[in-house]
Structures are given as C-alpha cells and as structure tokens.
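Spelled out from the first residue to the last, the chains are:
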Amino acid sequence: MVAGKSVSRLGFGTMRLLPNSTWGNTPEPRVVRNLLAAAVHEHGITHIDTADAYGPHSVELLVAQALYPYPPELLIATKVGLIRPRPEQWVPLGRPAYLRAAVEQSLRRLRTDRLDLCYLHRIDPLVPLADQVATLAELADEGKIAAIGLSKVTPEQIAHAQNVAPIAAVSNCLNINEPDDPALEYCRNNDIAYVPFRPLALGALPPAKALEFLFGLGPHIAPVPATGNPEHLRELVAAAESWEAEPWG
Ligand SMILES: NC(=O)c1ccc[n+]([C@@H]2O[C@H](COP(=O)([O-])OP(=O)(O)OC[C@H]3O[C@@H](n4cnc5c(N)ncnc54)[C@H](OP(=O)(O)O)[C@@H]3O)[C@@H](O)[C@H]2O)c1
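The following refers to the structure shown. (Residues numbered from 1 in each chain as written. Predicted model: local features only at pLDDT ≥ 70, side-chain atom pairs only at ≥ 80, totals over all residues. Heavy atoms only, no water.)

## Section: the site of the ligand
Working step 1: Close to the ligand lie 28 residues, the nearest being D49, R122, L200, T227 and H232.
Working step 2: R16 places a side-chain nitrogen or oxygen 2.8 Å from an oxygen atom of the ligand.
Working step 3: Within the side chain of H121, one N or O atom sits 3.4 Å away from an oxygen atom of the ligand.
Working step 4: For the ligand, whose free accessible area comes to 900 Å², the fraction covered by protein is 86%.
Working step 5: Because more than half of its atoms lie within 2 Å of the grid, the ligand is assigned to the largest pocket.
Working step 6: Broken down by element, the shell around the ligand gets its largest block of residues, three residues, from helix α9 (residues 230-244).
Working step 7: Among the residues making up the shell around the ligand, the classes are represented as twelve nonpolar, ten polar and six charged. (Near = heavy atom within 4 Å. Polar contact = N/O pair within 3.5 Å; in protein donor to acceptor, adjacent residues only side chain to side chain. Areas by Shrake-Rupley, 256 points an atom, 1.4 Å probe, with all protein chains shown as cover. 1 Å grid on protein atoms, 1.4 Å probe; cavity = no way out; pocket = protein on both sides within 12 Å on 5 of 7 lines; lining within 4 Å. Sits in = over half its atoms within 2 Å of the grid points. Helix = DSSP H or I, 4+ residues; strand = E, 2+ residues; numbered from the N terminus. Nonpolar A, V, L, I, M, F, W, Y, C, P; charged D, E, K, R; others polar.)

Okay, here's the thing in structure tokens:
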C-alpha cells in the first residue's frame, strides 16, 4: 500500500525522461509519452513518481499528456519544495505561500483536483518543519492532497512531522550499495510506505539484484527505478515479476 492505494510493487521514476540533468524539455515527447503509457497500460505499473522540479514542470506535463484520464488504480506521486534556478541547482523552498502555490500549479499541470501523494521534496532549513508540513496538511484538509510524503529525512524529522499530520510515505536514497538508512526501520514500525530512490545506484546495478535486495527488505518497500529506455523498462518489469505475486503485508 502506498498512500492508501494498493499499487504495483514496482513503480516508475520519471527523473530520467529528460536529457541534461533533468532539465528543460525532451526532444522526443512522443517517445517519452509512449514509454509512460507502456509502463502503465502494458506493464501494469500503478505507481508513478514525479516532481514539479523535474524539468522543472515539463515532466509533470508529460505525465498528464501520456496518462490522463487516469485509471482509478493509478497513484501519481509528485513533490514540491525544491526550485531549479539552473540545471545543476536544486534549492529547497518551503515557505508556506510558495508550497501552496506549487501544489496549485501541480494540480493544474497534472489535470487533477487532488494529488494522490504529495511529498515535501526537501525540508527547507530556513523554515520550521512544522510550518512546512502544516501547509501540506491544510491543503489535505481542503481536499487538494490525498496523502503527504517526506523525502530525504531522518526518523527524528519524520516523528516531528507526524506530530503535525499523518505521513503516508518516505522517499530516501537506498540501494544495495547504500543500504543503511535508519528511516527504513522507522517506516516499517510506523506503517509508512518507504520509496527508495536511486534504487539501481544510477544504473550501476543489474536490475534483478537491485530489486531483489529492496523487495526483500519488506512489504512496505515501493521502489521507483527510472529509465528512458523501453528495453530497460521491460528488464525492470521482468526482474520484479515474481515479487508482484507477493501481497503487500
Ligand atoms: N525523492 C527524491 O528526492 C528523489 C531523488 C532522486 C530520485 N528520485 C526518484 O527516484 C527515481 C529513481 O532514481 P534515479 O533516477 O536517481 O536512479 P536509478 O533508478 O537508481 O537509476 C536510473 C538509471 O538507471 C538506468 N537503468 C534503468 N534500468 C536499467 C536497466 N534495465 N539496465 C541498465 N540501466 C538501467 C537508467 O538509464 P536508462 O535511461 O538508459 O535506462 C538511469 O540512468 C527517479 O526517477 C525519481 O522519480 C527521488
């Protein structure tokens, strides 16, 4: 389960759909849209991980172009709270008015009234964590977010956020080469979906080995490997196949 939806155990990360550091627009929008459509309609993936910072903005637009109208079982997770002044820069911005505006814009780009899962992409160290989470909680109360996630966080930060609002998912870096994250155990004990990012160590690991390690960590693990290559997508789906039969715990 991720954010209340019983999604496929293998998700799809959208960070590698653009060239050049996830910046700008793809020169091949039709190829990217076909890949997204294949992930969902051909391979049965029902967990798409995106962010307003990818592009920025252009990847959310591609997701909507490829997949809208969305099948009811599809969970689209997006993230707000990181801005991109330049290709190589990712800057946290967690001021409540900005987060509110960012969610409104993601709703428009994704052509929906409610984000299934909205992560705070990074905690802005210049804004109290409680204020950042409270803003997402207000948006959830208004019906604009179904579930709140956190990204790149410690157990202490998750616990702090939980004092403000329910946290449905945490996305941290985890793979067989970087296996130590104390948040993993915290999420297991607190019924929070754990979405490992960089699950293939940026392509350095054979998919089967990488996914076996992650799925073996428990039923709360929902990896979102990224690819822009249809053949690589097929390899990922094949590597995850036996785990799809294992029910969520
Ligand atoms: N929450 C956060 O802050 C955060 C941070 C980073 C990432 N993420 C999410 O996590 C997702 C995955 O992370 P990631 O993109 O950093 O790293 P990753 O999934 O570990 O690695 C992606 C790389 O693996 C390669 N690859 C994929 N399948 C392959 C295959 N079958 N054989 C060989 N190479 C393969 C891809 O190249 P090809 O395109 O050539 O296949 C791509 O360059 C992102 O898309 C994003 O949604 C979230």
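## Description of the packing of helix α8 (residues 207-215) against α9
Working step 1: Axis separation between α8 and α9 bottoms out at 9 Å; the angle between their running directions is 35°. With respect to the hand of their crossing, α8 and α9 are arranged in right-handed fashion. When α8 is examined against α9, the residues P207, A208, L211, E212 and F215 are found in contact with a partner set consisting of E235, L236, A239, A240 and W243.
Working step 2: Class assignment of the residues belonging to the contact of α8 with α9 gives a composition of eight nonpolar, no polar and two charged. (Axes fitted to C-alpha atoms, helices over the stretch in contact; angles between N-to-C directions. Left-handed = near helix turned anticlockwise from the far one by under 90°. Contact = heavy atoms within 4.5 Å.)

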